[in-house]
Amino acid sequence: MKRGRWSQGLVAGLAFVGLAALASEGEVDYRQHTMSAVGGHMQAIVDIIQGKVPHTEHMATHAGALADLAGLAGTLFPASSQGGDALAAIWENDEDFQSKLAAFKEAAANFKTAAGSGDMGQISGALQQLGQACKGCHDNYRAS
């Protein structure tokens, strides 16, 4: 009887560990999909600005999506999500990493405002700020 309970406890413990591993893997996958969406919107914006496509009316939509995704970015890096392209430095240097996320969020909001203005000078400057915010994080916290 004791052996049966011990076995059940062991099985339950292993199942819990397995679920935790799946949760972690799910968090990594989710983060990578979300950040890929950020990259997709950035590339679409660059294509519009470079005149590769005539969809200037889509600029505000892409800018809005980037601002929304930047708002989610702070939730994408729980301690259980180490791995993927994310370097361990994220969790070792939390204060600096959080400041990088805040800069990304601010730059994305500024770009959304600039895109809504239709003024290419404002758009260009805000896009440069947004690119620098992305680079600031990728340089220190993303594996190449």
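Per chain, the residues get numbers from 1 upward, laid out in the order the sequence is written. Since the coordinates come from a predicted model, pLDDT governs what is reported: local features require at least 70, and pairs of side-chain atoms require 80 or more to be given and counted, while whole-chain, interface and lining totals use all residues. No hydrogens and no water enter the side-chain calculation; it runs on all heavy atoms of the structure.

Asker: What's the story with the confidence of the model for the protein chain in this structure? I'm lost.
Answerer: Low pLDDT marks stretches whose predicted atomic positions should not be read closely. In the predicted model, the protein chain carries a mean pLDDT of 88, and the fraction of residues at 70 or more is 84%. As a per-residue quantity, pLDDT reports the predictor's confidence and falls between 0 and 100. Here a helix means four or more residues in a row that DSSP labels H or I, a strand means two or more in a row labelled E, and each is numbered from the N terminus. No element of the protein chain has a lower mean pLDDT than helix 1 (residues 2-49), which averages 74, and none a higher one than helix 2 (residues 59-72), which averages 98. Low pLDDT, under 50, characterises residues 10-23; the stretch is placed with zero contacts to residues that sit more than four places away or in other chains. Residue contacts follow a heavy-atom distance rule, with two residues in contact if any of their heavy atoms lie within 4.5 Å.

Asker: Can you walk me through the packing of helix 4 (residues 94-117) against helix 5 (residues 120-141) in this structure?
Answerer: Think of two packed helices as two axes; the pair is described by the angle between the axes and how far apart they sit. Angles run from 0 to 180 degrees between N-to-C directions of axes, and those axes are lines fitted to C-alpha atoms, restricted for helices to the stretch in contact. Where helix 4 contacts helix 5, the two axes come as close as 8 Å, and the packing angle between them is 160°. As the angle between them shows, helix 4 and helix 5 are arranged roughly antiparallel. For the pair helix 4 and helix 5, the crossing hand works out as left-handed. Residues Asp96, Phe97, Lys100, Ala103, Phe104, Ala107, Ala108, Asn110, Phe111, Ala114, Ala115 and Ser117 of helix 4 form the contact with helix 5, whose own contacting residues are Gln122, Ile123, Ala126, Leu127, Gln129, Leu130, Ala133, Cys134, Gly136, Cys137, Asn140 and Tyr141. Each residue gets one label: Ala, Val, Leu, Ile, Met, Phe, Trp, Tyr, Cys and Pro are nonpolar, Asp, Glu, Lys and Arg are charged, and the others, such as Gly, are polar. Looking at the contact of helix 4 with helix 5, its residues break down into 16 nonpolar, six polar and two charged. Angles below 35 degrees are treated as roughly parallel, those above 145 as roughly antiparallel, those between 65 and 115 as roughly perpendicular, and all remaining angles as oblique. In this scheme, a crossing is called left-handed if the near helix is turned counterclockwise away from the far one by less than a right angle; it is called right-handed if the turn is clockwise.

Asker: Which parts of the structure should I look at to understand the pattern of salt bridges?
Answerer: Working definition: two side chains of opposite charge can pair if their charged atoms are close together. The salt bridge criterion pairs a side-chain nitrogen of Lys or Arg with a carboxyl oxygen of Asp or Glu, the two atoms within 4 Å. Counted by the stated rule, this structure contains three salt bridges. Arg142 is the salt-bridge partner of Asp85, the closest N and O atoms lying 3.7 Å from each other. Of the two residues, Asp85 sits in the loop between helix 2 and helix 3 (89-92) while Arg142 sits in the segment after helix 5, which places them 57 residues apart along the sequence. For the exposure calls, accessible area comes from a 1.4 Å probe over protein chains only, and a residue counts as buried if that area is under 20% of its type's maximum, exposed if over 50%, partly exposed in between. What makes Arg142 partly exposed here is its relative accessible area of 40%. For the salt bridge of Lys135 with Asp139, the shortest nitrogen-to-oxygen distance reads 2.6 Å. Residue Lys135 and its partner Asp139 are located together in helix 5, separated by four residues, close to a single helical turn. Residue classification places Lys135 among the partly exposed residues on the basis of a relative accessible area of 43%.

Asker: Would you mind showing me how to read the side chain of Ser24 here?
Answerer: Within the secondary structure, Ser24 is located in helix 1. The class of Ser24 is buried, set by a relative accessible area of 18%. Here the side chain of Ser24 touches Ser80 through a polar contact of 2.5 Å, landing on its backbone oxygen. Once residues lying within four places of it in the same chain are set aside, the contact partners of Ser24 are Ser80, Ser81 and Gln82. Throughout this description, a polar contact denotes any pair of N or O atoms lying within 3.5 Å of each other; where both atoms belong to protein, one of them has to be capable of donating a hydrogen while the other can accept it, and for residues adjacent in sequence the pair is counted only when both atoms sit in side chains.

Asker: I tried to follow the nonpolar core on my own but got confused; where do I start?
Answerer: For soluble globular proteins, the rule of thumb is that nonpolar side chains tend to be buried together. The nonpolar core is taken to be a set of buried Ala, Val, Leu, Ile, Met, Phe, Trp, Tyr and Cys residues, with the residues joined through side-chain atoms within 4.5 Å. Formed by 33 residues in total, the largest nonpolar core has its most connected members in Met59, Phe77, Ile90, Phe97, Phe104, Phe111 and Leu130. Once you skip the residues sitting within four places of it in the chain, Phe97 turns out to touch Phe77, Ile90, Cys137 and Tyr141.

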